[in-house]
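# Coordinate inspection notes
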Amino acid sequence: MKRRRGKPKQATKVDLKLIIPLMYENGIFDSKRSDDAFREIAAKLGVSEQTVRQAVTKFRKPLKADISKLICAQHKLKKLSAATPALI
């Protein structure tokens with residue numbers, strides 16, 4: 001096994017890259033326009049609008065990873081919405 005160099009990846013960033021597109025695709029926002037939806041999701045999660053756009057774009061491309069990652073992300077979204085209903 002090779003040693004990995006550099007700063008370890010933060011687990012929250014990986015989770016957000018899966019949760020953000022699910023929020024967008026499931027319509028968990030108030031506005032009808034996509035621009036406003038990106039802004040609203042970014043404000044709720046404390047990330048930039050560009051991060052939200054990139055996460056949705058990457059999610060819509062064909063997944064090379066296992067389907068279990070998608071199921072895991074959906075489970076995390078449910079946990080997040082149950083834990084903080086005021087935010088979502």
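This section reports on the structure supplied with the text. Here the structure is a predicted model, which is why all the values come from computation and not from measurement.

The rules we used
- Residues numbered from 1 in each chain as written.
- Predicted model: local features only at pLDDT ≥ 70, side-chain atom pairs only at ≥ 80, totals over all residues.
- Heavy atoms only, no water.
- Helix = DSSP H or I, 4+ residues; strand = E, 2+ residues; numbered from the N terminus.
- Expected span 1.5 Å × (residues − 1).
- Buried < 20%, exposed > 50% of the residue type's maximum accessible area, 1.4 Å probe, protein only.
- Contact = heavy atoms within 4.5 Å.
- Salt bridge = Lys/Arg side-chain N within 4 Å of Asp/Glu carboxyl O.
- Axes fitted to C-alpha atoms, helices over the stretch in contact; angles between N-to-C directions.
- Parallel < 35°, antiparallel > 145°, perpendicular 65-115°, else oblique.
- Left-handed = near helix turned anticlockwise from the far one by under 90°.
- Nonpolar A, V, L, I, M, F, W, Y, C, P; charged D, E, K, R; others polar.

For helix α2 (residues 34–45), built from twelve residues, the straight-helix expectation of 16 Å at 1.5 Å per residue is met to within 8% by its first-to-last C-alpha distance of 16 Å. Of the positions making up α2, those classed as buried are Ala-37, Phe-38, Glu-40, Ile-41 and Ala-42. Positioned one or two residues after α2, Gly-46 has a phi angle of 75°, which is positive.

A separate point is the side chain of Glu-40. Its location among the elements puts Glu-40 in helix α2. What makes Glu-40 buried here is its relative accessible area of 17%. Apart from the residues within four sequence positions on either side, Glu-40 is in contact with Phe-29, Asp-30 and Ser-31.

What follows deals with the pattern of salt bridges. If you walk through the whole model with that rule in mind, you get eight salt bridges. Between Arg-39 and Glu-49 there is a salt bridge, with the nearest N and O atoms lying 3.7 Å from each other. A residue pair is termed long-range when its members are at least 10 positions apart, and Arg-39 in helix α2 and Glu-49 in helix α3 (residues 49–60) qualify at ten residues. For Arg-39, a relative accessible area of 43% puts it in the partly exposed group. Of the residues examined, Glu-49 reaches a relative accessible area of 25% and is grouped as partly exposed.

Next up on the list: the packing of α2 against α3. Running from amino to carboxyl end, α2 crosses α3 at an angle of 110°, the nearest separation of the two axes being 8 Å. One way to sum up the angle between α2 and α3 is to call them roughly perpendicular. Seen from above, α2 lies across α3 with right-handed handedness. Side by side, α2 and α3 meet where Asp-35, Phe-38, Arg-39, Ile-41 and Ala-42 of the first sit next to Glu-49, Val-52, Arg-53 and Val-56 of the second. Here the residues of the contact of α2 with α3 sort into five nonpolar, no polar and four charged.

Below, the discussion takes up the environment of Ile-19. Within the element layout of this structure, Ile-19 appears in helix α1 (residues 11–25). The exposure class of Ile-19 is buried, given its relative accessible area of 6%. In the structure, Ile-19 is positioned 57 residues away from Lys-76 in sequence and 7.4 Å away in space, judged by C-alpha atoms.

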